[in-house]
Amino acid sequence: MNTSATPSPAGTIIVERTAGQDIKMRDLYLRIDDHAEETLRFGTIYSVDLPVGEHSIKATNRLFSRTQKFTLSADQIIRFSATNVASKSIFSIVAFLSGSVLYKVVLERLD
């Protein structure tokens, strides 16, 4: 009897925080499905293998969040860019005048 398990087909998710317009400070926090939250500092590239199927990815700076759903196929590599950028809304102007700055999260699929 063969007791070795056949590995499930998987694909890879790569999330990078390397964009030039990133504020390069303040951590972003990344969660894929129900996996543990990962801290994504500027310059970080995070990679994880996931089983084939439907998944979701969420990036947050604790004030703003972005979520995307995606379908992963066997041996597929999906790349995302997560970025923390200064907000250009009227609220950010008010925040700046009060001595703080609002940062928004940009999460985009690269392929």
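Asker: Please clarify how the overall build of the chain should be interpreted in this entry.
Answerer: A count of helical and extended segments in the chain gives 1 helix and 8 strands. Within the chain, the proportion of its 111 residues that are buried is 35%. In the chain, of all internal contacts separated by at least 6 residues, the share reaching a separation of at least 24 is 61%. Carbon and sulfur atoms provide 54% of the accessible area of the chain, an area that totals close to 7000 Å².

Asker: Explain unusual backbone geometry to me, please; I cannot follow it from the model alone.
Answerer: Note on backbone geometry: most residues besides glycine have negative phi, and most peptide bonds are trans. The backbone of K24 sits at a positive phi, close to 65°, despite the residue not being glycine. Here K24 lies in the loop between β1 (10-16) and β2 (28-32). A relative accessible area of 45% means that K24 is categorised as partly exposed. Its identity as a non-glycine residue notwithstanding, D33 has a phi of 50°, on the positive side. Its location among the elements puts D33 in the loop between β2 and β3 (38-40).

Asker: I'm lost on the pattern of salt bridges in this one. Help?
Answerer: When the charged atoms of two side chains lie near each other, side chains of opposite charge can form a pair. Under the definition given, this model contains 5 salt bridges. Of the charged contacts in the structure, one is a salt bridge between D22 and R17, with a shortest N-O distance of 2.8 Å. Exposure class is identical for D22 and R17. Each is buried. Here D27 and R41 are joined by a salt bridge, their closest N and O atoms 3.7 Å apart.

Asker: Just checking my understanding: could you explain the sheet that holds β3 for this structure?
Answerer: The strands making up a sheet are joined through hydrogen bonds of the backbone, oriented either antiparallel or parallel. One open sheet holds the 4 strands; their spatial order is β3-β2-β5-β6, and the pairing between them is antiparallel. At either margin of the open sheet sits one strand with a lone partner, and together these are β3 and β6 (65-72). Each strand axis lies, on average, 25° off the axis of its neighbour in the sheet, ignoring direction. With 8 bridges joining them, strand β5 (residues 53-60) and β6 adopt antiparallel strand pairing. Across the sheet, residue A59 finds its bridge partner in β6, namely R66.

Asker: Explanation requested: the pairing of strand β7 (residues 77-86) in the structure shown.
Answerer: Consecutive side chains of a regular strand alternate in pointing toward one face of the sheet and then the other. Counting buried positions along β7 gives 7 out of 10 residues, so the element sits mostly inside the fold. As defined by bridge partners, β1 adjoins β7 across 5 bridges and the pair is classed as parallel. In the strand pairing of β7, T12 is matched with I77. Two elements, β7 and strand β8 (residues 103-109), share 7 bridges in a ladder whose sense is antiparallel.

What counts as what
Residues numbered from 1 in each chain as written. Predicted model: local features only at pLDDT ≥ 70, side-chain atom pairs only at ≥ 80, totals over all residues. Heavy atoms only, no water. Helix = DSSP H or I, 4+ residues; strand = E, 2+ residues; numbered from the N terminus. Buried < 20%, exposed > 50% of the residue type's maximum accessible area, 1.4 Å probe, protein only. Contact = heavy atoms within 4.5 Å. Areas by Shrake-Rupley, 256 points an atom, 1.4 Å probe, with all protein chains shown as cover. Salt bridge = Lys/Arg side-chain N within 4 Å of Asp/Glu carboxyl O. Pairing = 2+ DSSP bridges. Axes fitted to C-alpha atoms, helices over the stretch in contact; angles between N-to-C directions.

By themselves, these are just geometric observations and shouldn't be taken as functional.
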